[in-house]
Amino acid sequence: MIRKMKSIERGELEKFLYEAIYIPEGTSPPRTIINRPELKVYVEDFGTRAADVCFVAEVGGEIVGACWSRIMNDYGHIDDETPSLALSVLKNFRRRGIASDLMKKLCTRLAEKNFKRVSLAVQKENSAAVRLYRKLGFEIVDERGTELLMMKRLGDD
Ligand SMILES: CC(C)(COP(=O)(O)OP(=O)(O)OC[C@H]1O[C@@H](n2cnc3c(N)ncnc32)[C@H](O)[C@@H]1OP(=O)(O)O)[C@@H](O)C(=O)NCCC(=O)NCCS
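Each value, and the rule that gives it
- Residues numbered from 1 in each chain as written.
- Predicted model: local features only at pLDDT ≥ 70, side-chain atom pairs only at ≥ 80, totals over all residues.
- Helix = DSSP H or I, 4+ residues; strand = E, 2+ residues; numbered from the N terminus.
- Expected span 1.5 Å × (residues − 1).
- Buried ≥ 20, exposed ≤ 12 C-beta atoms within 10 Å, placed from the backbone.
- Arc of directions from axis to C-beta.
- Near = placed C-beta within 6 Å.
- Nonpolar A, V, L, I, M, F, W, Y, C, P; charged D, E, K, R; others polar.
- Core = buried A, V, L, I, M, F, W, Y, C linked by C-beta atoms within 7 Å.
- Contact = placed C-beta atoms within 7 Å.

A. Region of the structure containing helix 3 (residues 98–112). Between the first and last C-alpha of helix 3 there are 21 Å, a value that for 15 residues agrees with the 21 Å anticipated at 1.5 Å per step. Here helix 3 has its buried residues at I98, A99, L102, M103, L106, C107 and L110. Projected onto a plane normal to the axis of helix 3, the buried residues spread over an arc of 160 degrees and lie on a single side. The positive-phi residue at the C-terminal boundary of helix 3 is N114, with phi of around 75 degrees.

Below, the structure is given as structure tokens:
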């Protein structure tokens, strides 16, 4: 089931932020990595701004995936009118279309809120995510070191 995140579930975002960090094979950063300022911007005071939208995927009462957006100065920032997003699905629940469903719901909601574009940053090496984003209509608009900046116009599909 895909649904909006409830405000009491905000704590879950930290878990999914950690999951969203692309980890090259064999390495796992410490959990405390999410306290870094450049990662805190994804979750701090979430729900207080217009572009703060989060959908979660629930299976058997457990949240197994989350996709959320906000206008923030993160790696995927394009301008102050364009929300950027974060996404992750727990390992055991991948390749079932959950991320695709989450992203579609999020994009629809942002379009309803009159946002014209949505952006994100993804590690070039993260081929699973790059493939997913391309399938959903995101285009590469810039390359920043090891990352790609991707963008989608909302309301195009
Ligand atoms: C990337 C991620 C969110 C995909 O979640 P998911 O629920 O498995 O994605 P979906 O099932 O909706 O996949 C949709 C499409 O994306 C592509 N894709 C997803 N995972 C893939 C993989 N491991 N290898 C190749 N293609 C993949 C495929 O084209 C897939 O369609 P298909 O299954 O019909 O072939 C998930 O792997 C994840 O959480 N990864 C770790 C965190 C992360 O990288 N987040 C993104 C940071 S920018």
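B. Molecular detail of the site of the ligand. Not every one of the 21 residues close to the ligand is listed here, only the nearest: R94, A99, S100, A128 and L132. Ranked by residues supplied to the shell around the ligand, first place goes to helix 4 (residues 127–135) with five residues. Class assignment for the residues of the shell around the ligand results in 11 nonpolar, four polar and six charged.

C. Expanded view of the nonpolar core. A66, C67, W68, L85, L87, L102 and L106 are the most contacted members of the largest nonpolar core, which totals 37 residues. For this core, the secondary structure elements donating two or more residues are helix 1 (12–20), strand 2 (53–59), strand 3 (62–70), strand 4 (84–89), helix 3, strand 5 (117–123), helix 4 and strand 7 (147–153). Looking at this core element by element, the count peaks at seven residues for helix 3. Each residue touching C67, except ones within four places of it in the same chain, is listed here: F55, L85, L87, L102, M103 and L106.

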